[in-house]
Amino acid sequence: MEKEKILIGIVCLVLTLAITLQLRTMAGTDSTVTKAFVNDELRDKVLQWEERYEAITKALEKSNEELEKVRTASSQNDTTSKENSEKIKKNKMLLGLTDVVGEGVVITAEDGQVNGMTDNINISQYLIHDTDLIEIVSELKNAGAEAISINDQRIVNMTSITCAGNVISINGQKVSSPFIIKAIGHPEMLYGINRPGGYINNMKYTSKVTPPKVTKSTNISIKKFNGAISSKYLLKEE
Amino acid sequence: MKTFFKNKQAVTIAVMISIVAIILTSTICIQVKSVEEYKKADIESLRDEELKAQMSLYKTRYEEAQKQYEDNQNKIKEYKDTENENEKAANLIEKELEETKVLLGLTEVKGEGIVVTLKDTDMATYWAKDIRNLMNELKYAGAEAISINGNRIINMTDIVEIAEGYILIYGNTRIKSPYTIKAIGDTTYLTSTLNMKNTGFVDVMESNGLDVTVEQSKNITIEPYTKGEIESKYMKEDEQK
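No experiment lies behind these values; they were computed from the predicted model shown.

Q: Please give an account of the overall build of chain A that cites residues and values.
A: When you go through chain A residue by residue, the secondary structure sums to six helices and eight strands. For chain A, the succession of helices and strands along the chain, N to C, is α-α-α-β-α-β-β-β-β-β-β-α-α-β. With respect to the three principal axes, the spread of C-alpha positions in chain A is 110 × 50 × 30 Å. Among the 238 residues that make up chain A, the fraction classed as buried is 45%. Within chain A, contacts between residues separated by at least 24 positions form 72% of all contacts whose residues are at least 6 apart in sequence. As presented, chain A carries roughly 13,000 Å² of accessible surface, and 54% of it is formed by carbon and sulfur atoms. Taken as two groups, the 29 positive and 30 negative side-chain charges of chain A have centres that lie 1 Å from each other.

Q: Please set out the packing of helix α3 (residues 79–95) of chain A against helix α3 (residues 86–104) of chain B residue by residue, giving values where relevant.
A: Two elements in contact, α3 of chain A and α3 of chain B, have axes separated by 9 Å at closest approach and are oriented at 25°. It follows that α3 of chain A is roughly parallel to α3 of chain B by the angle criterion. For the pair α3 of chain A and α3 of chain B, the sense of crossing is left-handed. Listed contacts from α3 of chain B to S81, N84, S85, K87, I88, N91, K92, L94 and L95 of chain A of α3 of chain A are A90, I93, E94, E96, L97, T100, K101, L103 and L104 of chain B.

Q: Residue-level account of the packing of aromatic side chains, with values.
A: Think of a pair of aromatic rings as described by two things: how far the centres are apart, and how the planes are tilted against each other in angle. Under the definition given, this model contains four aromatic pairs over all chains. When the ring of Y170 of chain B is compared with that of Y225 of chain B, the centres are 5.4 Å apart and the planes differ by 85°; the resulting orientation is edge-to-face. With a gap of 55 residues between them, Y170 of chain B in the loop between β5 (166–169) and β6 (173–175) and Y225 of chain B in the loop between β8 (211–222) and β9 (236–237) connect regions that are remote in the sequence. Per residue, the accessibility class of Y170 of chain B equals that of Y225 of chain B, and both read buried. Lying over the aromatic face of W49 of chain A, R52 of chain A brings its terminal NZ or CZ to 4.4 Å of the ring centre. Over the aromatic face of Y191 of chain A sits the side chain of K216 of chain A, whose NZ or CZ is 4.9 Å from the ring centroid.

Q: Tell me about the sheet that holds β6 of chain B, and name the residues and values.
A: All names here are of chain B. Spatial ordering of the open sheet is given by β4-β5-β6, a layout of three strands whose pairing is antiparallel. What marks the edges here is a single partner per strand, and that holds for β4 (159–163) and β6. The sheet shows a mean angle of 40° between the axes of neighbouring strands, taken without regard to direction. Two strands pair when backbone bridges link them, and β5 and β6 are joined in this way by three bridges, in the antiparallel orientation. Residue pairing in the sheet places I169 in a bridge with T173 of β6.

Q: Help me get a handle on the interface of chain A and chain B, residues and values and all.
A: Contacts between the two partners involve 93 residues from chain A, matched on the other side by 87 residues from chain B. Of the roughly 8,900 Å² buried at the junction of chain A and chain B (both faces included), carbon and sulfur atoms supply 63%. Counting the contacts that link chain A with chain B gives five salt bridges. E96 of chain B serves as the salt-bridge partner of R71 of chain A, at 2.7 Å between the closest nitrogen and oxygen. One can count 27 residue pairs in polar contact (both at pLDDT 80 or more) joining chain A with chain B. Elements with a minimum of two residues in the side of chain A that touches chain B: α1 (2–27), α2 (32–75), α3, β1 (100–110), α4 (130–142), β2 (147–150), β4 (161–164) and β6 (173–175) of chain A. Of the residues forming the side of chain A that touches chain B, the biggest block, 24 residues, is contributed by α2 of chain A. A per-class count over the side of chain A that touches chain B returns 40 nonpolar, 32 polar and 21 charged. In this sheet, β9 of chain B lies alongside β1 of chain A in antiparallel orientation, the contact comprising two bridges. Its bridge partner being in β9 of chain B, V100 of chain A is matched across the sheet by E237 of chain B.

Q: Tell me about the sheet that holds strand β2 (residues 145–148) of chain B, and name the residues and values.
A: Strand order in the open sheet formed by five strands is β3-β2-β7-β1-β8 (chain B), and the pairing between neighbours is antiparallel. The open sheet has two edge strands, β3 (151–152) and β8 of chain B, and neither has a second partner.

Q: Give a detailed account of α3 of chain A, specifying residues and quantitative values.
A: Residue and element names in this part refer to chain A. For α3, which comprises 17 residues, the first-to-last C-alpha distance of 24 Å matches the rise-based estimate of 24 Å (1.5 Å per residue) to within 8%. Taken as a whole, α3 has its buried residues at S81, N84, S85, I88, N91, K92, M93, L94 and L95. With a side-chain oxygen lying 2.9 Å from the backbone nitrogen of T80, the N-terminal cap of α3 falls on D78. Phi turns positive one or two residues past the end of α3, at G96, with a value near 95°.

Q: Account for unusual backbone geometry, with residues named and values stated.
A: Here the bond from S177 of chain A into P178 of chain A is cis, since omega is 0°, no more than 30 degrees from zero. Cis geometry is found at the peptide bond from S177 of chain B to P178 of chain B, where omega equals 0°. Note on placement: P178 of chain B falls in the loop between β6 and β7 (179–184). A positive phi angle, near 60°, is found at Y170 of chain B, a position not held by glycine. In this structure, N198 of chain B is a non-glycine residue whose phi angle is positive, near 70°.

Thresholds, definitions, all that
Residues numbered from 1 in each chain as written. Chains lettered and ligands numbered in written order. Predicted model: local features only at pLDDT ≥ 70, side-chain atom pairs only at ≥ 80, totals over all residues. Heavy atoms only, no water. Helix = DSSP H or I, 4+ residues; strand = E, 2+ residues; numbered from the N terminus. Buried < 20%, exposed > 50% of the residue type's maximum accessible area, 1.4 Å probe, protein only. Contact = heavy atoms within 4.5 Å. Areas by Shrake-Rupley, 256 points an atom, 1.4 Å probe, with all protein chains shown as cover. Lys, Arg positive; Asp, Glu negative; His and termini not counted. Charge placed at Lys NZ, Arg CZ, Asp CG, Glu CD. Axes fitted to C-alpha atoms, helices over the stretch in contact; angles between N-to-C directions. Parallel < 35°, antiparallel > 145°, perpendicular 65-115°, else oblique. Left-handed = near helix turned anticlockwise from the far one by under 90°. Phe/Tyr/Trp six-rings, centres within 6.5 Å; stacked < 30°, edge-to-face > 60°. Lys NZ or Arg CZ within 6 Å of the ring centre and 35° of its normal. Pairing = 2+ DSSP bridges. Buried area = accessible area lost by both parts, 1.4 Å probe. Salt bridge = Lys/Arg side-chain N within 4 Å of Asp/Glu carboxyl O. Polar contact = N/O pair within 3.5 Å; in protein donor to acceptor, adjacent residues only side chain to side chain. Nonpolar A, V, L, I, M, F, W, Y, C, P; charged D, E, K, R; others polar. Expected span 1.5 Å × (residues − 1).

As C-alpha cells, this is what we get:
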C-alpha cells in the first residue's frame, strides 16, 4: 500500500504544479482581445491630440499674421522701429517660419520596386532610410542650401529625422515614400550633390531604391515650419 | 490480465493515473497555446508604445504652440496699447527682435543640459557621420541649443570631413578630437535618449570601439554663432497667400 500512496502523492504534486504554472501564465497575459481594445482607445486619443494640434497651429498662424500687422503699424513713425520690424520679418524667414520661394533643386527619392519572386530578398535594401535623408540634407547644407523641406516638412534648427516603424518621422510628423526634397540656393552648387562619389550617386550602387532624381528649378516654393520653435530651456535674462 | 482487473486497488490506481495523464497533456497543450497568445499580445503592446510616444509628441508640440499663441496674443495687445506712444512701441519691437536673435543662435544662452565628450583613440576615429548622427539624436531629444568645441550649431550648419580625422564645421572651421558637445534641454530626456540600450548613440559608438562620455549639468553656457550674417541670397518670402 505504501508504494501506491507515494505514487499517487507524486502524481498529485506534479498535477498541482502544472495547474499553478498554467494559472500564472494566464495571469501574466491580457488576452489579445483586451489588448486590441485598449489599442483602439489609444488610437482615438492620438487622433484627438492630432486634431487639437492642427487646430492650434492654424490659430497660431493667424495670430502670427496679426502680430506682424500690429507691429508694422506701430513702427511707422520711427525709422529705427521700421528697420527693426523689417529685421524681425527677415529673421522669422531665416528661422523657417515663413513660406519662401527661390531657385534651387528638387530631389525625388523613392523606395524601390521588388521585381519578381525572390526568396531571400532583404526588403531593407529597397527602402529609403532616415539615414539616407540625413545624409542628403547634410550635403545640401554643405552646398549652401538656404531653405530645405522634405514632403513639405521644413527643416529648422530643431528638426530631427528618425525611423518610426514603416515610415520616417520629421518634425514629429510621419512622412513616407516618395520623398520630395526641395532646396533653395545656388542651383549649380546644389546640383553638385548628384556628382559621382556623392551620396546620391552611391545610392544607385549600394541600394535597390529607385535611382533618385535631381532637377534644377528656377521657381521652388518651400512651406514654412508649422509650429513653435521651443526655447523653454533657454534661461531668460531679465 | 484477468487478475489485474480483479484487483480493485490496481484498477483504481490505473484509472487515476490515466486521468492525471490526460489532464497533464491537456495542460501542456493549453500552456503552449498561451505562449502563442502572449506573443501576439506582445506585438499589440509594441503598437501601444508607438501610439503612446506619438500621443506624447503631439501633446508636447501642442503645448509649445499653445504657449506661442498666448505669447502672441499678449504681444498684440501690448502693441495695440502703444497707440501714439512711439517709445513704448520701439521697446516692444526691440524685445521681439532680440527674441528672434536668441532663436537663431546669435546670442549666448544658458540652461540645464548635457555635455557629451567624444575622443579619438588609437583604435578608432570619429567620422563626421557619427557627429551628424549625434546632432540628429540630440535634436530628437529636444535639444534647444547645441555647440561643438565652441562652435554653435545653427539650422544650416554642416559637418563634413575631408580626410580621416579632419572634420570641418560651416565648411571652413576645423574641429579636432576631443569633441566637446554641449546641449541645452531636458537633462533627463537628453541623457536617456543617448543612453537607450542598443540603439542609443552611446551604445552604438561603444560597440564600434569609440570613446564617448555623457555628463549632466544644471548650468551650461553655450556660445553664440559668430560667423557673420546668415545667408539669404536665394530665398525670398512668398508673398502669395
